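# Inside the fold
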Protein chains: 4
Amino acid sequence: MNKKEVKKVVLAYSGGLDTSIILKWLQDEYNAEVITFTADLGQGEEVEPARQKALDMGIKPENIFILDIKEEFVKDYVFPMFRANAIYEGEYLLGTSIARPLISKKQIEIAEKMGADAVSHGATGKGNDQVRFELGYLGLNSEITVIAPWREWDLNSREKLLAYAKKNGINIDKKHFDENGNPAVSPYSMDANLLHISYEGLVLEDPAKQPDENMWLWTNSLEEAPNEAEYITISYKNGDPYAINGEELSPATLLKKLNDYGNKHGIGRIDIVENRYVGMKARGCYETPGGTIMLKAHRAIESITLDREAAHLKDELMPRYAKLIYNGYWFSPERQMLQAAIDETQKKVEGTVKLKLYKGNVVVVGRESEKSLFSEAHSTFEEDEVYNQKDAEGFIKLNALRFIIAGQTQNK
Amino acid sequence: MNKKEVKKVVLAYSGGLDTSIILKWLQDEYNAEVITFTADLGQGEEVEPARQKALDMGIKPENIFILDIKEEFVKDYVFPMFRANAIYEGEYLLGTSIARPLISKKQIEIAEKMGADAVSHGATGKGNDQVRFELGYLGLNSEITVIAPWREWDLNSREKLLAYAKKNGINIDKKHFDENGNPAVSPYSMDANLLHISYEGLVLEDPAKQPDENMWLWTNSLEEAPNEAEYITISYKNGDPYAINGEELSPATLLKKLNDYGNKHGIGRIDIVENRYVGMKARGCYETPGGTIMLKAHRAIESITLDREAAHLKDELMPRYAKLIYNGYWFSPERQMLQAAIDETQKKVEGTVKLKLYKGNVVVVGRESEKSLFSEAHSTFEEDEVYNQKDAEGFIKLNALRFIIAGQTQNK
Amino acid sequence: MNKKEVKKVVLAYSGGLDTSIILKWLQDEYNAEVITFTADLGQGEEVEPARQKALDMGIKPENIFILDIKEEFVKDYVFPMFRANAIYEGEYLLGTSIARPLISKKQIEIAEKMGADAVSHGATGKGNDQVRFELGYLGLNSEITVIAPWREWDLNSREKLLAYAKKNGINIDKKHFDENGNPAVSPYSMDANLLHISYEGLVLEDPAKQPDENMWLWTNSLEEAPNEAEYITISYKNGDPYAINGEELSPATLLKKLNDYGNKHGIGRIDIVENRYVGMKARGCYETPGGTIMLKAHRAIESITLDREAAHLKDELMPRYAKLIYNGYWFSPERQMLQAAIDETQKKVEGTVKLKLYKGNVVVVGRESEKSLFSEAHSTFEEDEVYNQKDAEGFIKLNALRFIIAGQTQNK
Amino acid sequence: MNKKEVKKVVLAYSGGLDTSIILKWLQDEYNAEVITFTADLGQGEEVEPARQKALDMGIKPENIFILDIKEEFVKDYVFPMFRANAIYEGEYLLGTSIARPLISKKQIEIAEKMGADAVSHGATGKGNDQVRFELGYLGLNSEITVIAPWREWDLNSREKLLAYAKKNGINIDKKHFDENGNPAVSPYSMDANLLHISYEGLVLEDPAKQPDENMWLWTNSLEEAPNEAEYITISYKNGDPYAINGEELSPATLLKKLNDYGNKHGIGRIDIVENRYVGMKARGCYETPGGTIMLKAHRAIESITLDREAAHLKDELMPRYAKLIYNGYWFSPERQMLQAAIDETQKKVEGTVKLKLYKGNVVVVGRESEKSLFSEAHSTFEEDEVYNQKDAEGFIKLNALRFIIAGQTQNK
């Protein structure tokens, strides 16, 4: 395959070894001017050091973009997704999936601003992330050239990568070597942002085996979580949380705080075998402490404020919505269609949910709303003014009519 | 409304006060011969005492039916439902809903055998159960007359009921009076079977308030559950569990054993506001210990044995399937359609899941199957024989093509 | 049943015999002040004569409302529905169903303006229309009292109705008697508005028999339709038609003109057995000339301007959307959810469709749009710049991967 | 790309120029033993001449397979699909899509029987058929090597193809040259089988232009169709047609006969812009005379024999089912799931439909069934024994209850 000629390329750059190698490789193989984009999505690592690393590799200062996009991430990506109660395959809260489109969007914005004709990412050729990045790029800019080094180069082992780095004078952190100076094999592939941290690969690749306890970086284990429960309230407006224990918080601050609660109480670990869009099953372990709390709380506030049939239709559409996000179709017309339907239902989803947090459990212990549809007058067993029990007879009769007719005709 | 004339009526009879009053009322108001049907569904109460009570009220011995239908219940109702991973409104495992059709079916079978022309139940006029019973009756026998005393009579308070019972010489247990001899108001309306126990009504009718800890009859509280985790395995064949820790068990025995595990470890309590089919929201608290374990285990065994798209289609159809069961449509053509689709997928859902049970948590710690679709060769990050990373490029390109074309035409 | 006391009632009044009897009956039975509402929905009959009839029956002039709501009907009800390509049960274009909510809305508006506490309609107790009217009323005003005379009174034969009319001095048109002076049985029950005319009942009640040719009031028969085809264009913007043959027309005028074309060319007759919401199957014959043309044209303009997956999702949601309208849930949250999703897709559905009309056929012979997604460059068989045929290999490979893995593992 | 080594390859061979060139190319490029498979799917051309052509190109007699698979095609592919009332994008009856899986299956069967390690087809790299063939191959045999010459070779123009043929002594029919001896460009790409004939490409690639009347090979034009209507009956059992005008016919014979009727009366032409799975929109013209009649007839027999909710669920699942077939997923687990659901509903879909055929129109004029669910007693407007009009009140009240409660709480 002949390489396409590109002049400027915007690279999603973490500052780590792999994306540093990609940076160098883009300079060498494509002879391209590289623009680095480093995002603070709340992954918990400093992003500023990436600047010096980029400078060290010859990137012009004006070509280095380091952005804190945590608030945008939570407000415009995480919250809309949680309005849908999205879960992929019954378990996964889509923590990685939902971050990719925003990174794509920022790269494209930078590319358009800087006159770049290409974008590049560090996702491998067997995962979902390459798809998510690239559908994002192409969904937003159909002319952009996409460079996916992992699918192009032949640096397909740790040895070759380290050799390439060494040869090109790339600074290699000690952690990349074991005690014997051989290339260290990281036991997991990890990804983190404000919503979650994920673990994949290598030692997880036997679904019969439990991961080591020390793999989990964020949450306390169930056993180590406090022996005393903690109670919190979350307040909602238009389907989005805006306050914890009565204190109004910005989206990212709120999620950060929920993460703290969740981490303390061992909430939000999952360990699953999931179906990748590229066709194989894969083991994934995830910690989504705040998200796990939010899902429970959102369902609870919906339970008293959302119309029955709207709620059911949301539930029926949800798996498809979650799949679209998992597969990378955030910017697609069909995701936007579903979002329009979902958002239409959230106008009166407001009020406060009280939760008990205890050793991995998120227990709803109260819900209140000025827009509540729960009517004690109607749900009571006593006779009431509004509900005439005799109406139930007609209701059942007409709902059963097709069975009655079938019994008297077809099944006679 | 003129009462329809009926000669023989099959009553779903628990032996308790309310259905005893109904029994008497049917004899008096309809002048009908009453046949009692008492089912052992694993509710945990003796059913045999119902015989003497029925005899005491003048029921002929040959008109008393007391049946242990636990195995049929679990095998033909609970297990098929769990193949679908059915959950109503994101939370409820349908423990009451799934028992009603079987009771209906037995009543109709007895009616047909005994030449009865009517059936009757003790469900009230504001709940879902009346619908479930009656859609069951009419779905199976379109000619049967249905008598729903709670919608017909004027005994609409505890006082009136107790007075009626007293007047008619019905034996009233002490528990129906408080210390002052006044009618005792039971704080909850309960229903139990092998799958769950439910609590509704009265003191629960404020969704802002947590129920008393002593309401919960089956499970340990999270705090009281053991401080040590327990590990079990569940083995599956054709989507149904058949062994625990390697020991093969009949369906009802297996579910009973899972309940024991769940109760011990505080598993399976839920407290929700749900949407009733008859139109109002209602608070319900449920304990489904074994079911909660089964749901998790079934999803785990499916995660390694079920095709991706079959799994996703199941997830999309599930809310509708669950709603059909909740609403009482077990015997409907549409539930059978969905069941056919679901069962089609379960032929190779087999293998063993290992679970950790601990303080309300059911944690999947291992899955194994001879029919596993998990292929380490494919999921590894390393280059492999089968998967050519370059294929991903074409895959992404063609999936993005509609966006690219839109960018070059419509959105230009 | 005790009648609820009402003071003022807004009656959907056509001016015909049946609603005149209802008017009188409301005055007598409810002792209520009656407000009449007569709507011009394009049914093709004069509405003004209803004024004198109402006055003759003692209605105060200020209590008589005669409104031309054709434009609102087409713009806010018919067009949104056609954006969805809505068809009920594969055949029915919902001509009656879509008119009912607007009538309900107008009655409620008048009731609120005039301080009325009740509304009433002339639909029978076995049809869908009672449900549509009443769900409309109650969806818009939960306090309103609904009076459905056909379910209340005992005037359940033509004889009794005519006797009642005679006794109460209601003017009875000659057409209500046969040549012998006996009550005439109208062979069909009809309903018309700008979208369609419907025929139900009596002589149609054998689905094995074809209706008489003279039943059809609007369209030419296929045989009598012109032997020469006619070509027209329809232009769209935001998914709605706005011009015919280049001439911009208001919504109602446009639909009227399409009806003229359709009637001339024998377009839009259907004869079906449909499933009523109240439980039975019913035979219905319908003429929807303009609607049949619009459906074809809308699909054609969508075919070049709508994204594939948005189009497919619309198709999947359509049957549910159509069912909601058929069943009377226009004002429900779930219909609004679906509408939001549908409308989201129509922003670029614009352009012009050319149609050939000939003997019942609507043939699309051309589509053009400035927002077309059809790209000759891409659809051609020739090699092109954009589409690399080798990409198809990766696309197929990854889509097949789950089958390949299954072949190598589960199905080995 | 290095060519994979293969020993024996089963080629889907029509005997025409293109597949003859492929045959030769496989021999030369892969040095492989070629097995030819020629199927009679009712395309209307002799298949036997393919034998001599294959022999002429050096194929061993025992390596030549010519099979009449018309009955299998109609019985196991066409009929199951019509049980679903499958239509792609509102218009297309999937005539090409449904034939591909059977061809794939036969090729794999022959490959397994003959010990071949590869299969090959003549579909191009921009269409859907390559996907359908290859998903079929790989769905049935995960080890097979797939050779798609159009994606591999550089014979990407008519000139090169003809030159290659000439050079290799392949017999070239005169029709491949124009009057000047230059390569003739066929104006359309066509595909035919018993269900339909399709036209794509070249002169159709402007969706604003109507195709020439002489493109259509099967059906009379509307204008040329007889001026007199013809009436036929089709009889169904288990959802499949088995007799025309009372005469029992094998599946293929029945479809052939319906094609004759349809062709005569100008039935079943469509002209659409469709969305290909590989990402672009494409113009397609199709004639599906018998299929168009079958679709109408099947819906009509279902209208009196199928339960409402089963029918509606079928309608909701249909677009997805159709899409699966269009995209080539016939052998997938998800198509089998849907088929199981669909087939479950067809057990009592039996009876006879009477149709009027006239100038492109298929008009249902009667339906009869011993399993009819149509009950005149219920659908009549008169009061009846079974249906109590007062039941409608309770039915409406409880269906409206959520609106009433919302009005009294949330929307107060």
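Placed above this text is the structure.
Residues numbered from 1 in each chain as written. Chains lettered and ligands numbered in written order. Predicted model: local features only at pLDDT ≥ 70, side-chain atom pairs only at ≥ 80, totals over all residues. Heavy atoms only, no water.

Attention now moves to the sheet that holds strand 1 (residues 8–12) of chain B. Residue and element names in this part refer to chain B. Spatial strand order, 3-2-1-4-5: five strands in an open sheet with parallel pairing. Each having just a single partner strand, strand 3 (64–68) and strand 5 (145–147) make up the two edges of the open sheet. Each neighbouring strand pair of the sheet contributes to a mean axis angle of 20°, computed without reference to strand direction. Two strands pair when backbone bridges link them, and strand 1 and strand 2 (residues 33–40) are joined in this way by five bridges, in the parallel orientation. Paired with K8 across the bridge in strand 2 is E33. (Pairing = 2+ DSSP bridges. Helix = DSSP H or I, 4+ residues; strand = E, 2+ residues; numbered from the N terminus. Axes fitted to C-alpha atoms, helices over the stretch in contact; angles between N-to-C directions.)

Turning our attention to the sheet that holds strand 7 (residues 197–200) of chain A. Residues and elements named next belong to chain A. Strands sit in the order 6-7-12-11 across an open sheet of four strands; the sheet is antiparallel. Edge positions in the open sheet fall to strand 6 (189–192) and strand 11 (269–275), since each of these has one partner strand only. Mean inter-strand twist for the sheet, computed between neighbouring axes without regard to direction, equals 25°. Strand direction decides the pairing type here: strand 7 and strand 12 (residues 281–287), joined by four bridges, are antiparallel. Among the inter-strand pairings, S198 is bridged to a residue of strand 12, identified as Y286.

Counted according to the given criterion, the structure contains 54 aromatic pairs over all chains. A ring pair is formed by B:Y199 and B:W216, whose centres lie 5.8 Å apart and whose planes are at 80°; its orientation type is edge-to-face. One end of the pair, B:Y199, is in strand 7 (residues 197–200); the other, B:W216, is in the loop between strand 7 and strand 8 (230–237), and 17 residues separate them in sequence. On the accessibility criterion, B:Y199 (0% relative accessible area) is buried. Their ring planes at 10° and their centres at 3.7 Å tell us that C:Y88 and C:Y326 sit as a pair that is stacked. (Phe/Tyr/Trp six-rings, centres within 6.5 Å; stacked < 30°, edge-to-face > 60°. Buried < 20%, exposed > 50% of the residue type's maximum accessible area, 1.4 Å probe, protein only.)

Another point: the interface of chain C and chain A. Taken together, the 24 residues of chain C in the interface contact 24 residues of chain A. Summed over both partners, the interface of chain C with chain A comes to about 2,100 Å²; 71% of that surface belongs to carbon and sulfur atoms. Of all residues in chain C, C:L313, C:R320 and C:M337 bury the most surface against chain A, accounting for 29% of the area lost on that side. Where chain C meets chain A, there are two salt bridges. Broken down by secondary-structure element, the contributors of at least two residues to the side of chain C that touches chain A are helix 10 (308–327), helix 11 (333–344) and helix 13 (391–408) of chain C. (Contact = heavy atoms within 4.5 Å. Buried area = accessible area lost by both parts, 1.4 Å probe. Salt bridge = Lys/Arg side-chain N within 4 Å of Asp/Glu carboxyl O.)

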